[in-house]
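Examining the three-dimensional arrangement
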6 protein chains.
Amino acid sequence: MGLGRVSPLEEFRRFRERMNERILDAGNLEIKRFFALDGRVYEDGVLPALTKELMGLTASTVLRCDDCIAYHLIRCKEEGASDEQLFEAFSVALVVGGSIVIPHMRRAVALLDELGDEDAGLS
Amino acid sequence: MGLGRVSPLEEFRRFRERMNERILDAGNLEIKRFFALDGRVYEDGVLPALTKELMGLTASTVLRCDDCIAYHLIRCKEEGASDEQLFEAFSVALVVGGSIVIPHMRRAVALLDELGDEDAGLS
Amino acid sequence: MGLGRVSPLEEFRRFRERMNERILDAGNLEIKRFFALDGRVYEDGVLPALTKELMGLTASTVLRCDDCIAYHLIRCKEEGASDEQLFEAFSVALVVGGSIVIPHMRRAVALLDELGDEDAGLS
Amino acid sequence: MGLGRVSPLEEFRRFRERMNERILDAGNLEIKRFFALDGRVYEDGVLPALTKELMGLTASTVLRCDDCIAYHLIRCKEEGASDEQLFEAFSVALVVGGSIVIPHMRRAVALLDELGDEDAGLS
Amino acid sequence: MGLGRVSPLEEFRRFRERMNERILDAGNLEIKRFFALDGRVYEDGVLPALTKELMGLTASTVLRCDDCIAYHLIRCKEEGASDEQLFEAFSVALVVGGSIVIPHMRRAVALLDELGDEDAGLS
Amino acid sequence: MGLGRVSPLEEFRRFRERMNERILDAGNLEIKRFFALDGRVYEDGVLPALTKELMGLTASTVLRCDDCIAYHLIRCKEEGASDEQLFEAFSVALVVGGSIVIPHMRRAVALLDELGDEDAGLS
């Protein structure tokens, strides 16, 4: 990534953060509560956070929500998921959700490679 | 918006209009009839147009169709909806459709702000 | 309805109530919070409860969830919706969601007639 | 099928016909127009009716609408589709839509067998 | 369960098994291969079978496929999942997929109780 | 298309091919098998490839998967489909899937025109 240029991944993070703030500031109490709940549900419980994030990733993939996939992919990596584990999650999503899942898997794997480059200090 | 540059919102409007014309000109009678029906169903009836547009907005949001959301958001504003009313519509869509609705709500609220800027003569 | 027999509508209500209690008693805090939120979001706000219930009905119809349709249909009637208004809601859902909505509309209208019979003391 | 008993297939046909009439009698013009359109779109055009019915069957299967599947299966048979052709349609739907299609394919094949029995005068 | 009567759960198992055989016997090679793949994808890999079944359960729940939920619920129990773990899976599915998931969760929990009764020799 | 510039269509093809290779190289056997199956299911059988591609196009359109639509549109043209036939496929998808299909039809028809320009040596 050259000086001052923003990667698509970084752009996603910034837009996500900026709009989440904008939405929470709008003052709708039910939306606020939903956002709080959306964070809490992935925390360690009787199932560890990684398992919950893998479930969130699989659910997002079969529902074909690119931004949700991106978010859970980042979180899965933070919780220590290996690429091989993530591909197994994709294989389950692919069989459950069918070939319409493939375009989202392509973009998810492109993001996975971008995340790998970030970790390696390449971007 | 600088000289000659076209905003994403304006681009959406132009592409939408140009392709609708292209499709209607193709001469498929059933598609033509569907398009006519798609306009008529939101007109004032025993329910006012605003209520129908809010229903169209909520349905588009839970079905996660960005272009449909954009269209109904514009129409809701034309029918006099306040931002607070639109956020209540989003809150219903969010609870019905779950967190996969959130990325679409982010883009919808960004559009809402762009529409507000247009109204204020800022774009 | 003969002595002691339970109508499908009554069966739906009982199963719904019994299982909701069972689920809330299971002690999962996030599920509990979601259920609370699911009630609150349809209360009077800047939009009246009826408009919200009509939005909930339309959203449930395009998402093709029979039990959700049944629930919002009952609530719409309680908030004073006329049959003509409900058919307009169905017409919006039908155009947005397409012919796959029709089987759910058939069951919804059958339920509407059953609710009308209840009101008239016929069941 | 014993005297006077009605098969699930026959029950489906009767409920479908009765409710369609009920809905059309309710007087909502947009719904009426949609129903007319829903018939016309499968008629012979530059594509023959059988191809369109096979497309309708595949679309209904990936959208997992049992009643729509039943309707298009009956129509495909009327247009002369063989079981082997129908299984090829299911195989496309299965790969496109994934394993969530399977329960609907099970019910569709059970119906196919029931239709075969009817043709053979066994029901 | 009285003498000779078949529980809904047992009926589901029998219909599922009978129709799967019927479908595999029909001789469509692609469908056969898909069915094989559908089994293999949940086997122990770098992720254990239980994690994969929990992912399958969550995916089936957000996609609102009752039969798929039933199958994965049974498999999760066989792999040793506790009720508390299953409720955490449901809580993730509920937040991801929204209130339209609730009717399926109700039926899933009713099945969970039926499975518990079977284990306890009560049915 | 000027020297060195890449059209959106060409970009789609390159990204698709590059990521498919990347995914197949990752070594997950189930994903590999699914990809093989995804090719085979559209080959000539008792139904000709064109019919299967039209079914794939309709299924992709009602499921609103732009990349899948693009792929099947290209394949339909390769198998000899006329524009008029493709519009009939869209008309079926539109009636089955409703107005939420329209934005995808707009993009599909824009692609169809781009494909026509390619054939005419205009791009």
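That block above? That's the structure.
For clarity, every value in this text was computed on a predicted model and none was experimentally measured.

Thoughts on the overall build of chain A
Broken down by element type, chain A carries six helices and zero strands. In chain A, the succession of α and β elements from N to C terminus is α-α-α-α-α-α. Its C-alpha atoms put chain A at 45 × 40 × 30 Å along the principal axes. Burial status across chain A gives 56% buried among its 123 residues. Restricting the contact set of chain A to residue pairs at least 6 apart, pairs at least 24 apart contribute 56%.

Overview of the packing of helix H1 (residues 8-25) of chain C against helix H6 (residues 102-119) of chain C
Residue and element names in this part refer to chain C. Two elements in contact, H1 and H6, have axes separated by 10 Å at closest approach and are oriented at 95°. In terms of their interaxial angle, H1 and H6 are classed as roughly perpendicular. Facing Pro8, Leu9 and Arg13 of H1, the residues of H6 in contact are Leu111, Glu114, Leu115 and Glu118. Here the contact of H1 with H6 is composed, by residue class, of four nonpolar, no polar and three charged.

Observations regarding the interface of chain A and chain F
Where interface size is given, it is often the accessible area lost as the parts come together that is meant. Each partner contributes residues to the interface: chain A has 18 residues there, and chain F has 18 residues. Carbon and sulfur atoms make up 70% of the surface buried where chain A meets chain F, a total of about 1,600 Å² over both sides. Three residues stand out in chain A for area buried against chain F, namely Phe87(A), Ile100(A) and Arg106(A), and they jointly supply 36% of the buried area on that side. One can count two salt bridges joining chain A with chain F.

Considering the packing of aromatic side chains
Per the counting criterion, the structure on display carries nine aromatic pairs over all chains. Ring centres 6.1 Å apart and planes at 85° place the aromatic pair Phe87(A) and Phe90(A) in the edge-to-face group. Here Phe90(A) and Phe87(A) lie together in helix H5 (residues 83-97), a separation of three residues that amounts to about one turn. Classification of Phe87(A) by relative accessible area gives buried; the value is 5%. Here Phe34(B) and Phe34(D) contribute two aromatic rings whose centre-to-centre distance is 6.2 Å and whose plane-to-plane angle is 70°, an arrangement assigned as edge-to-face. With one member in each of two chains, Phe34(B) in helix H2 (residues 29-40) and Phe34(D) in helix H2 (residues 29-40) form a pair that bridges those chains. Both residues of the pair, Phe34(B) and Phe34(D), belong to the buried class.

Brief notes about the environment of Val95(B)
Relative to the elements of secondary structure, Val95(B) occurs in helix H5 (residues 83-97). Overall, Val95(B) belongs to the buried group, its relative accessible area being 1%. Sequence separation between Val95(B) and Gly39(B) is 56 residues; the distance between their C-alpha atoms is 28 Å. In this structure Val95(B) touches Phe34(C), Leu37(C), Asp38(C), Val41(C), Gly98(E) and Ser99(E), once residues within four positions along its chain are discounted.

Quick look at the relation of the copies chain E and chain A
Here chain E sits on chain A after a turn of 180° about the axis and a move of 0.0 Å along it, with an RMSD of 0.0 Å. Read as a symmetry element, the transformation amounts to a two-fold axis. Comparing interface residues between copies, 100% of those in chain E also lie at the interface in chain A; the contact surface is shared.

Focus on the interface of chain E and chain A
The interface is formed by 25 residues belonging to chain E together with 25 residues belonging to chain A. Carbon and sulfur atoms make up 78% of the area that chain E and chain A hide from each other, which totals about 2,400 Å². On inspection of chain E and its partner chain A, the count reaches two salt bridges. Residue Lys52(A) is joined to Glu88(E) by a salt bridge in which the shortest nitrogen-to-oxygen separation is 3.2 Å. For the pair chain E and chain A, the interface holds six residue pairs in polar contact (both at pLDDT 80 or more).

Rules behind the numbers
- Residues numbered from 1 in each chain as written.
- Chains lettered and ligands numbered in written order.
- Predicted model: local features only at pLDDT ≥ 70, side-chain atom pairs only at ≥ 80, totals over all residues.
- Heavy atoms only, no water.
- Helix = DSSP H or I, 4+ residues; strand = E, 2+ residues; numbered from the N terminus.
- Buried < 20%, exposed > 50% of the residue type's maximum accessible area, 1.4 Å probe, protein only.
- Contact = heavy atoms within 4.5 Å.
- Axes fitted to C-alpha atoms, helices over the stretch in contact; angles between N-to-C directions.
- Parallel < 35°, antiparallel > 145°, perpendicular 65-115°, else oblique.
- Nonpolar A, V, L, I, M, F, W, Y, C, P; charged D, E, K, R; others polar.
- Buried area = accessible area lost by both parts, 1.4 Å probe.
- Salt bridge = Lys/Arg side-chain N within 4 Å of Asp/Glu carboxyl O.
- Phe/Tyr/Trp six-rings, centres within 6.5 Å; stacked < 30°, edge-to-face > 60°.
- Least-squares fit on C-alpha atoms with pLDDT ≥ 70 in both.
- Polar contact = N/O pair within 3.5 Å; in protein donor to acceptor, adjacent residues only side chain to side chain.

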